[in-house]
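Each chain, written out:
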Amino acid sequence: MATFVLVHGAWSGAHDFRTVRRLLRAAGHEVFTPSLTGIGERVHLASQQVGLTTHIADVVNCVRYEDLDDIVLLGFSYGGAVVTGALEHLAERVRHLVYLDAFVLEDGEAAGVPGAGHSPRLPALGDPWLVPAPIRAFEDPEVGAWITARRTPQPIGTFTEPVRLTRPLEDYPFTRTFIKATGEPRPEPAGPFWAAADKVSKSAAWRYREIATSHQIPSNRPGELADLLLELV
């Protein structure tokens, strides 16, 4: 039996993994899907003080309070920044680290505000502190409508705060996997998810997999994702 901790992406919540969670549990595994403060079902806690550190604490506390060990820790999209930051506190509890079409950041890097590049930018005096959710493509219109109704604005500090990583990801003893969504045309410039895929697919320190759908993998292909995760463990 494996223990999965699945961390959702920006503007969303644990409900992103509701089908994947059910499939993994039906296969006999434990699954935890912490919701990040200020978005998704915890949108009522949104404030200017919510940053990447807040979201790292959400995941770290879930693992610590449940006393989870030997975990498969997955970060989807923005969740990649969160799981990377969590390693300072949880590395010894991680068996397998999975980035699902996600940011793979180095020490001092931030996800960046969408539409403003991928370098940290603090808001100026009087600037809005909530970043609206962009429109996403889904394979099933009904699923897309359900997810879109639950997408929420996200505090800007989560995008501008840099991650802290005491050593390169490749130096940790756990296994690393990157899963790339390949169902949309590659943009130019490549963007952070394609750039990460290009880097890790050439590294012997990583496993690399692909799923032929758009970025919203957990909603578009939950069965394929669950099967791939079961194969990896």
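Residues numbered from 1 in each chain as written. Predicted model: local features only at pLDDT ≥ 70, side-chain atom pairs only at ≥ 80, totals over all residues. Heavy atoms only, no water.

Before going further, it helps to spend a moment on the overall build of the protein chain. Each helix and strand in the protein chain was counted, giving eight helices and eight strands. Its C-alpha radius of gyration of 16 Å places the protein chain within 12% of the 17 Å reference for a compact globule of 233 residues. Dimensions of the protein chain, computed from C-alpha atoms along their principal axes, come out at roughly 50 × 45 × 40 Å. In the protein chain, buried positions account for 52% of the 233 residues. Sequence-distant contacts in the protein chain: of pairs separated by 6 or more residues, those separated by 24 or more amount to 73%. (Helix = DSSP H or I, 4+ residues; strand = E, 2+ residues; numbered from the N terminus. Rg over C-alpha atoms; globule rule 2.2 N^0.38 Å. Buried < 20%, exposed > 50% of the residue type's maximum accessible area, 1.4 Å probe, protein only. Contact = heavy atoms within 4.5 Å.)

Further remarks concern helix α3 (residues 79–90). α3 sits mainly inside the fold: 10 of its 12 residues count as buried. Those residues of α3 not exposed but buried are Gly79, Gly80, Ala81, Val82, Val83, Thr84, Gly85, Ala86, Leu87 and Leu90. In this fold, the buried residues of α3 make contact with β1 (3–7), α2 (52–66), β3 (71–76) and β4 (94–100).

This brings us to the sheet that holds β3. Reading across from one edge, β2-β1-β3-β4-β7-β8 is the order of the six strands in this open sheet, with parallel pairing throughout. Edge positions in the sheet fall to β2 (30–32) and β8 (207–211), since each of these pairs with one other strand and no more. Averaged over all neighbouring strand pairs, the angle between strand axes comes to 20°, with direction disregarded. Note: β1 against β2, three bridges, orientation parallel. Across the sheet, residue Thr3 finds its bridge partner in β2, namely Glu30. Sitting on the sheet, helix α6 (residues 191–200) is in contact with β7 (175–181) and β8, with an inclination near 135° to β7. (Pairing = 2+ DSSP bridges. Axes fitted to C-alpha atoms, helices over the stretch in contact; angles between N-to-C directions.)

For the rest of this paragraph, the subject is the nonpolar core. Ranked by internal contacts, the top residues of the largest apolar core, which has 46 residues, are Leu73, Tyr78, Val82, Leu87, Leu97, Tyr99 and Phe159. Sorting the residues of this core by element identifies β1, α2, β3, α3, β4 and α6 as the ones contributing at least two each. Counting residues in hydrophobic clusters, the runner-up holds 21 residues, among them Phe4, Leu6, Val98 and Ile179. (Core = buried A, V, L, I, M, F, W, Y, C linked by side-chain atoms within 4.5 Å.)

Inspection of the entire model under this criterion finds 10 salt bridges. Here Asp70 makes a salt bridge to Arg95, at a shortest N to O gap of 3.4 Å. Of this pair, Asp70 sits in the loop between α2 and β3 while Arg95 sits in strand β4, and the two are 25 residues apart along the sequence. Here Asp70 falls in the partly exposed class, since its relative accessible area comes to 42%. Judged by relative accessible area, Arg95 falls into the partly exposed class, the value being 28%. (Salt bridge = Lys/Arg side-chain N within 4 Å of Asp/Glu carboxyl O.)

In this section: unusual backbone geometry. Following Glu188, the chain continues into Pro189 via a peptide bond in cis, with omega recorded as 0°. Its location among the elements puts Pro189 in the loop between β7 and α6. Unusually for a residue other than glycine, Asp70 sits at a positive phi of about 55°. In this model, Asp101 sits at a positive phi of 45°, which is unusual for a non-glycine residue.

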